[in-house]
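Each chain, written out:
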Amino acid sequence: ESDLDDVIRILEGIKSKFGAEKVMVDKDCALITISGAKLATAPGFAGKVFAKLSEQGINLEMISASLSILSIVVKREKLMAAVVAIKDAFAITKN
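Residues numbered from 1 in each chain as written. Predicted model: local features only at pLDDT ≥ 70, side-chain atom pairs only at ≥ 80, totals over all residues. Heavy atoms only, no water.

### So, the packing of aromatic side chains
Inference 1: Scanning the model with the defined rule gives one aromatic pair in all.
Inference 2: Ring geometry for Phe-45 versus Phe-90: centroids 4.8 Å apart, planes at 25°, classification stacked. Linking Phe-45 in helix α2 (residues 45-55) with Phe-90 in the segment after α3 (79-89), this pair joins segments that are 45 residues apart in sequence.
Inference 3: Looking at Phe-45, the relative accessible area reads 17%, which means it is buried. (Phe/Tyr/Trp six-rings, centres within 6.5 Å; stacked < 30°, edge-to-face > 60°. Helix = DSSP H or I, 4+ residues; strand = E, 2+ residues; numbered from the N terminus. Buried < 20%, exposed > 50% of the residue type's maximum accessible area, 1.4 Å probe, protein only.)

### Quick notes on the nonpolar core
Inference 1: Val-49, Leu-53 and Ile-86 are the most contacted members of the largest nonpolar core, which totals 13 residues.
Inference 2: Listing elements by their share of this core, those giving two or more residues are β1 (29-35), α2, β3 (69-75) and α3.
Inference 3: Contacts of Leu-53, omitting those with residues within four sequence positions, involve Ile-58, Leu-60, Ile-72, Ala-82, Ala-85 and Ile-86. (Core = buried A, V, L, I, M, F, W, Y, C linked by side-chain atoms within 4.5 Å. Contact = heavy atoms within 4.5 Å.)

### Examining the sheet that holds β3
Inference 1: If you trace the three strands from one edge of the open sheet to the other, you get β1-β3-β2, paired in antiparallel fashion. At either end of the open sheet lies a strand with only one pairing partner, and these are β1 and β2 (62-65). Within the sheet, the average angular offset between the axes of one strand and its neighbour, ignoring direction, is 15°.
Inference 2: Relative to β3, α2 is tilted by about 15°, and along the sheet it contacts β1, β2 and β3.
Inference 3: The strands touched by α3 within the sheet are β1 and β3, with β1 carrying the most contacts at an inclination of about 20°. (Pairing = 2+ DSSP bridges. Axes fitted to C-alpha atoms, helices over the stretch in contact; angles between N-to-C directions.)

### With respect to the pattern of salt bridges
Close approach of charged atoms lets side chains of opposite charge pair.
Inference 1: Here the structure, examined in full by the defined rule, presents five salt bridges.
Inference 2: Between Asp-6 and Arg-9 there is a salt bridge; the shortest N-O distance is 2.6 Å. On the criterion of helical spacing, the pair formed by Asp-6 and Arg-9 is a turn pair, its members being three residues apart in helix α1 (residues 2-14).
Inference 3: On the basis of relative accessibility, which here comes to 36%, the residue Asp-6 falls in the partly exposed class.
Inference 4: Among the salt bridges present, the one from Lys-75 reaches Asp-26, with a minimum N-O distance of 3.1 Å. Within this pair, whereas Lys-75 is found in strand β3, its partner Asp-26 is found in the loop between α1 and β1, the two being separated by 49 residues in sequence.
Inference 5: On the basis of relative accessible area, Lys-75 is assigned to the partly exposed category, the value being 26%.
Inference 6: The class of Asp-26 is partly exposed, set by a relative accessible area of 40%.
Inference 7: When salt bridges that share partners are traced, they join Lys-52, Glu-55 and Asp-88 into one network. (Salt bridge = Lys/Arg side-chain N within 4 Å of Asp/Glu carboxyl O.)

### Thoughts on the pairing of β3
Inference 1: Within β3, five of the seven residues are buried, which leaves the element mostly enclosed by the surrounding structure.
Inference 2: Summarising the sheet, β1 and β3 pair through seven bridges and their orientation is antiparallel. Following the sheet pairing, Cys-29 is matched in β3 by Lys-75.
Inference 3: The pairing of β2 with β3 spans four bridges and is classified as antiparallel. In the strand pairing of β3, Ala-65 is matched with Leu-70.
Inference 4: Count of turn residues in the β2/β3 antiparallel hairpin: three residues.

Take a look at the structure:
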């Protein structure tokens, strides 16, 4: 929490440089990041993740993707269910 407070303080100090009116924080969210060099050559990977999460009733709050990284934000109470669903979608059995 103290790191978050520091980040908020910094963002509040520079927000006007970006034309932002306010800084908002949602502490009830969790970030899941999947990374790997082969993501760029795996067509349908993100769609498979999104479909599996949807099947489980898990809403995506935010999505960010690049050639090698897929990041999604879910509600904190859905974090473990989301991780289990993603592992299940790709038959991942290890932690």
